[in-house]
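Analysis of the macromolecular model
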Amino acid sequence: DLGSRNGTAVEGTPISGEFRTGERATVRVGDTVAWLVPDVLPYAERPLRVDDGRVIGASTGAVMEQIRQAASGALLHITGSSGTGKELAARAFHAMGPHPRGPFVAINCAAIPEGVAERVLFGARKGAYSGADRDQPGHFQEADGGTLFLDEVGELSLEVQAKLLRALEYREVIAVGASKPQTVDVRFCSATHRDLRERVADRRFREDLYFRIGRPVVSLPPLRDRREEIPWLIEKQISAQGMKPHASLVEACLTRPWPGNVREFLVE
């Protein structure tokens, strides 16, 4: 910067004279904000597009292609930090599969009260426990003919993991209190923000189940690695309130870490 009136900033910090960086950087010159990258080719090959109201950038586009390839099978495991859109990826897996009109059942395993995961997943027969006055289908039965999505699958107990493995291998479940298995046709999608390999090493996750559900796997990048999508996310939220985003707002958003990822953009 040669003393311009509007000023120049790199990563939100005003500069004077010459500034060099080999990393990706957000640069603001007056009211113009640019994101500098080492090579523009990946972004030229995968231009930004809108899919079902969502902005798809270069990295997200690559993930969607992986999901499309996985959709020809019956299993998918999704990794990524909280708020990166794991359930949206699971819904895309379901929609791209052979039975998009079938049921899509999503459940957060971390939210299941301790001791009831088995009957929540596999169902229960009348009289199986105190208060069971009728047969209760589990999520596997509800997802029959469609897709079951288990978020935070690593939070399941080892006992339930064993029964989940059997359900995936034999395509049948045994409800609590039942004497015979029930066949189910379910495509299975799991997700976690934890490293399942570490949990296997700590003996908190079954190794055989890990090898059953761990491939194919897609990893959702955090928002800080998808910065080309941020201006569109800002515009969507701001325009909904009848305003236009200022360059300083875009700059501030491009330079923050977004620990909550896309979830931080959600405005009721």
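The structure this text deals with has already been given above.
Summary of the structure given here. Just so you know, these numbers come straight off a predicted model, no measurement behind them. (Residues numbered from 1 in each chain as written. Predicted model: local features only at pLDDT ≥ 70, side-chain atom pairs only at ≥ 80, totals over all residues. Heavy atoms only, no water.)

This part covers the pattern of salt bridges. Within the structure shown, the criterion is met by 14 salt bridges. E18 is paired through a salt bridge with R20; the nearest N and O atoms lie 2.7 Å apart. Assigned by exposure class, E18 and R20 land together as exposed. Across the pair D195 and R197 runs a salt bridge, and its minimum N-O distance is 3.5 Å. What you see here is one network of salt bridges that share partners, running through E118, E159 and K163. (Salt bridge = Lys/Arg side-chain N within 4 Å of Asp/Glu carboxyl O. Buried < 20%, exposed > 50% of the residue type's maximum accessible area, 1.4 Å probe, protein only.)

The next thing to look at is the packing of aromatic side chains. Under the defined criterion, the tally for this structure stands at three aromatic pairs. Taking the centre distance of 6.3 Å and the plane angle of 20° together, the rings of F104 and F149 count as stacked. Taken together, the residues span a long stretch of sequence, with F104 in strand β8 (residues 104-108) and F149 in strand β9 (residues 147-151) at a distance of 45 residues. For the pair F104 and F149, one class covers both residues: buried. Against the face of F93 rests R187, its NZ or CZ located 4.2 Å from the ring centre. Positioned above the aromatic ring of W258, the side-chain terminus of R256 is 4.2 Å from the ring centre. (Phe/Tyr/Trp six-rings, centres within 6.5 Å; stacked < 30°, edge-to-face > 60°. Helix = DSSP H or I, 4+ residues; strand = E, 2+ residues; numbered from the N terminus. Lys NZ or Arg CZ within 6 Å of the ring centre and 35° of its normal.)

Further remarks concern the nonpolar core. If you look at the biggest cluster of nonpolar residues, it comprises 30 residues, and the most contacted ones within it are F140, L148, L150, L156, L164, F188 and I213. For this core, the secondary structure elements donating two or more residues are β8, α4 (117-122), β9, α6 (158-170), α7 (196-201) and α8 (207-213). Those residues in contact with F188 that lie beyond four places of it in its chain are A74, L75, L76, F93, L148, L150, L164, L168 and I213. (Core = buried A, V, L, I, M, F, W, Y, C linked by side-chain atoms within 4.5 Å. Contact = heavy atoms within 4.5 Å.)

Below, the discussion takes up the pairing of strand β4 (residues 32-36). Bridge analysis of strand β3 (residues 25-29) against β4 gives five bridges, and the strand direction is antiparallel. Among the inter-strand pairings, R28 is bridged to a residue of β4, identified as V33. Connecting the antiparallel pair β3 and β4 is a turn made up of two residues, with G30 showing a positive phi of about 65°. (Pairing = 2+ DSSP bridges.)

Within the secondary structure, A44 sits in helix α1 (residues 41-45). Judged by relative accessible area, which is 53%, A44 ranks as exposed.

Turning to the packing of helix α9 (residues 230-239) against helix α10 (residues 247-255), a few remarks are in order. Contact geometry for α9 and α10: axes closest at 10 Å, N-to-C directions at 130°. On the basis of the axis angle, α9 is oblique to α10. Crossing handedness for the pair α9 and α10: right-handed. Contact residues: I230, P231, I234 and I238 in α9; L249, V250, C253 and L254 in α10. Within the contact of α9 with α10, the residues separate by chemical class into eight nonpolar, no polar and no charged. (Axes fitted to C-alpha atoms, helices over the stretch in contact; angles between N-to-C directions. Parallel < 35°, antiparallel > 145°, perpendicular 65-115°, else oblique. Left-handed = near helix turned anticlockwise from the far one by under 90°. Nonpolar A, V, L, I, M, F, W, Y, C, P; charged D, E, K, R; others polar.)

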